[in-house]
Amino acid sequence: MNVPLVRPDLGEAEIEAVTRVVRSGWVTQGPEVAAFEREFAAAVGAAHAVAVSNCTVALELALRLVGVAAGDEVVTVSHSFIATANAIVAAGARPVFVDVEADTLGMDPQALEDALTPQTKAILCVHQLGIPCDIDAILRVARARGLPVIEDAACAVGSAVLRDGRWERLGRPHGDLACFSFHPRKVVTTGDGGMITTSDAEVADRLRRLRQHAMSVPDTVRHTSTRVVFEEYIEPAYNYRMTDLQAALGRPQIARLDAIVAERTRLAETYAAALAEHPVLRAPQPRPNARWNWQTYAAFLRDDARLGQVEVLQFLLDRGIACKRGVSNAHQEPAYADRSRWRAGPGGLRVSERLRDGVVMLPLYHGMTPAEQEAVIAALRELAERGRS
Ligand SMILES: *Cc1c(COP(=O)(O)O)cnc(C)c1O
């Protein structure tokens, strides 16, 4: 049996939703986007949510919104999908890469503090693979310096943190703005798509203008007006819209988000049990103050494992199990070979480099059948035998 790394869970509800939009005759940003924004905001506990084309542009817009411009520095992690660093470059700024914590894969708050300079304009932290970073510690460092915090929550819809005895979903947001992705690799998909959440109504209004050429009157208002309306273009901007087709696809998935996270959690628990005594891989350890959506199942190579990462990946691939190595590091990619584009914090990036080569991502997706997970676990059992011999 071949088991993919992920498989989007799209069924009759999604087919019906997209069909409804096609029949309506309005396919670009319109009533479905507005409804998706309301439902998404309610699901994560945000006051406002603004839909855009994808999370990469969501991050770029968020950086612009907090005032990041040419020549500024933004402290972030290298250990992330390349879009995190690229969004900073797209905003004209320079990424300052700091190391991550080995268990959360998130920004190390001490490394953040050590990397701040008068050029620092903002902090961009990542809830990597849906695992909440230590957002409270990061916020303490940021607030002491009056710096805005943007959360790259691309993978993290449905993840939560315990604050003052209450579970809060990521995206309220806890920093100033949080950005989500709806790429098919994520927990909720619209094909491509992104969302920015904020507590500030004025910020939400400005984001809504900036995603649509900074048009003073949205087309949806113009089309329904009984009076002649002329729009104005308030500042140079761009087209970052989501379409109604995409939004309609996302709505049924947001409606069943609790069930999606519960199912993924069960799959993760089954893997954790299978890896309990495993000689090669070990299960990740959630912290008591964080709940994950299990966007990705990251198994760690044990320090004393007799097999290396490439051998493990090949072993599983040979048995039809699609796997990936750990999260990449921007500073190790050709795009960042030019050292003038970025700098590293004083602590270096040793943990980031170790994690890229010390993690194996296993297949995990809601809709995964028991037979599929059993095929992965059978391969892990065989791997254990190989690891012991
Ligand atoms: C997927 C991802 C992005 C980019 O999202 P897109 O919607 O594909 O642009 C950004 N940051 C992280 C951490 C991601 O995993």
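No experiment lies behind these values; they were computed from the predicted model shown.

**Some details on the overall build of the chain**
Across its full length, the chain carries 13 helices and 15 strands. The C-alpha atoms of the chain give a radius of gyration of 21 Å, which matches the 21 Å a tight globule of 389 residues would have. Viewed in the frame of its principal axes, the chain has a C-alpha envelope of about 80 × 55 × 45 Å. Residues counted as buried form 53% of the 389 residues belonging to the chain. Sequence separation of at least 24 residues holds for 75% of the intrachain contacts in the chain that already meet a minimum separation of 6. With an accessible surface of roughly 16600 Å², the chain has 51% of that area assigned to carbon and sulfur atoms. The distance from the centre of the 44 positive side-chain charges to the centre of the 48 negative ones in the chain is 0 Å.

**Side note on the site of the ligand**
In the region of the ligand, 15 residues are neighbours, and Cys55, Thr56, Asp152, Ser181 and Lys186 sit closest. Separating a nitrogen atom of the ligand from a side-chain N or O atom of aspartate 152 is a distance of 2.8 Å. Within the contact set of the ligand, an oxygen atom lies 2.6 Å away from a side-chain nitrogen or oxygen of lysine 186. Within the complex, the protein chains bury 92% of what would otherwise be the 390 Å² of accessible surface of the ligand. Assessed atom by atom at 2 Å from the grid points, the ligand resides in the largest pocket. For the shell around the ligand, the secondary structure elements donating two or more residues are α3 (55-65) and α4 (83-90). Split by residue class, the shell around the ligand holds six nonpolar, seven polar and two charged.

**Here we look at the domain arrangement of the chain**
Taken domain by domain, the chain consists of domain 1 (12-257) and domain 2 (258-388). Taken over C-alpha atoms, the centre of domain 1 sits 26 Å from the centre of domain 2. Contact with domain 1, which involves 46 residues of that partner, is made by 39 residues of domain 2. For the domain 1 and domain 2 pair, buried surface summed over both sides reaches about 3700 Å², with 54% attributable to carbon and sulfur atoms. Our count for the domain 1 to domain 2 interface comes out at five salt bridges. Put simply, glutamate 73 and arginine 343 hold a salt bridge, and the shortest N to O gap is 3.0 Å. At the level of secondary structure, the elements contributing two or more residues to the side of domain 1 that touches domain 2 comprise α4, β3 (94-98), α5 (109-115), β6 (160-163) and β7 (166-169). Sort the elements by how many residues they give to the side of domain 1 that touches domain 2 and β3 lands first, with five residues.

**Concerning unusual backbone geometry**
Going from arginine 172 to proline 173, the amide bond is cis rather than trans, its omega being -5 degrees. Look at histidine 213: it is not a glycine, yet its phi comes out positive at around 60 degrees. If you trace the backbone, histidine 213 turns up in the loop between α7 (201-210) and α8 (219-224). Despite not being glycine, alanine 214 has its phi angle at roughly 55 degrees, a positive value. As for its position among the elements, alanine 214 is in the loop between α7 and α8.

**Re the pattern of salt bridges**
Tallied over the entire structure, the rule returns 25 salt bridges. Taking the shortest distance from any N to any O, the salt bridge between aspartate 103 and arginine 287 comes out at 3.3 Å. Note that aspartate 103 is positioned in the loop between β3 and α5 and arginine 287 in the loop between β10 (281-282) and β11 (290-291), a separation of 184 residues in sequence. Measuring nitrogen to oxygen at the nearest pair gives 3.6 Å for the salt bridge that ties glutamate 168 to arginine 172. The exposure class of glutamate 168 is buried, given its relative accessible area of 6%. For arginine 172, a relative accessible area of 31% gives the class partly exposed.

**Here's the deal with the sheet that holds strand β13 (residues 324-325)**
Read from one edge of the open sheet, four strands run β10-β12-β15-β13, paired in antiparallel fashion. A strand with exactly one partner marks an edge of an open sheet, and here the two such strands are β10 and β13. The pairing of strand β12 (residues 297-301) with strand β15 (residues 359-362) spans four bridges and is classified as antiparallel. Residue pairing across strands places phenylalanine 300 opposite valine 359, the latter belonging to β15. Against the sheet, helix α11 (residues 309-318) makes contact with β12, β13 and β15, and its axis sits at roughly 20 degrees relative to β15, the strand it touches most.

Rules behind the numbers
- Residues numbered from 1 in each chain as written.
- Predicted model: local features only at pLDDT ≥ 70, side-chain atom pairs only at ≥ 80, totals over all residues.
- Heavy atoms only, no water.
- Helix = DSSP H or I, 4+ residues; strand = E, 2+ residues; numbered from the N terminus.
- Rg over C-alpha atoms; globule rule 2.2 N^0.38 Å.
- Buried < 20%, exposed > 50% of the residue type's maximum accessible area, 1.4 Å probe, protein only.
- Contact = heavy atoms within 4.5 Å.
- Areas by Shrake-Rupley, 256 points an atom, 1.4 Å probe, with all protein chains shown as cover.
- Lys, Arg positive; Asp, Glu negative; His and termini not counted.
- Charge placed at Lys NZ, Arg CZ, Asp CG, Glu CD.
- Near = heavy atom within 4 Å.
- Polar contact = N/O pair within 3.5 Å; in protein donor to acceptor, adjacent residues only side chain to side chain.
- 1 Å grid on protein atoms, 1.4 Å probe; cavity = no way out; pocket = protein on both sides within 12 Å on 5 of 7 lines; lining within 4 Å.
- Sits in = over half its atoms within 2 Å of the grid points.
- Nonpolar A, V, L, I, M, F, W, Y, C, P; charged D, E, K, R; others polar.
- Domains from an automatic or database assignment.
- Buried area = accessible area lost by both parts, 1.4 Å probe.
- Salt bridge = Lys/Arg side-chain N within 4 Å of Asp/Glu carboxyl O.
- Pairing = 2+ DSSP bridges.
- Axes fitted to C-alpha atoms, helices over the stretch in contact; angles between N-to-C directions.

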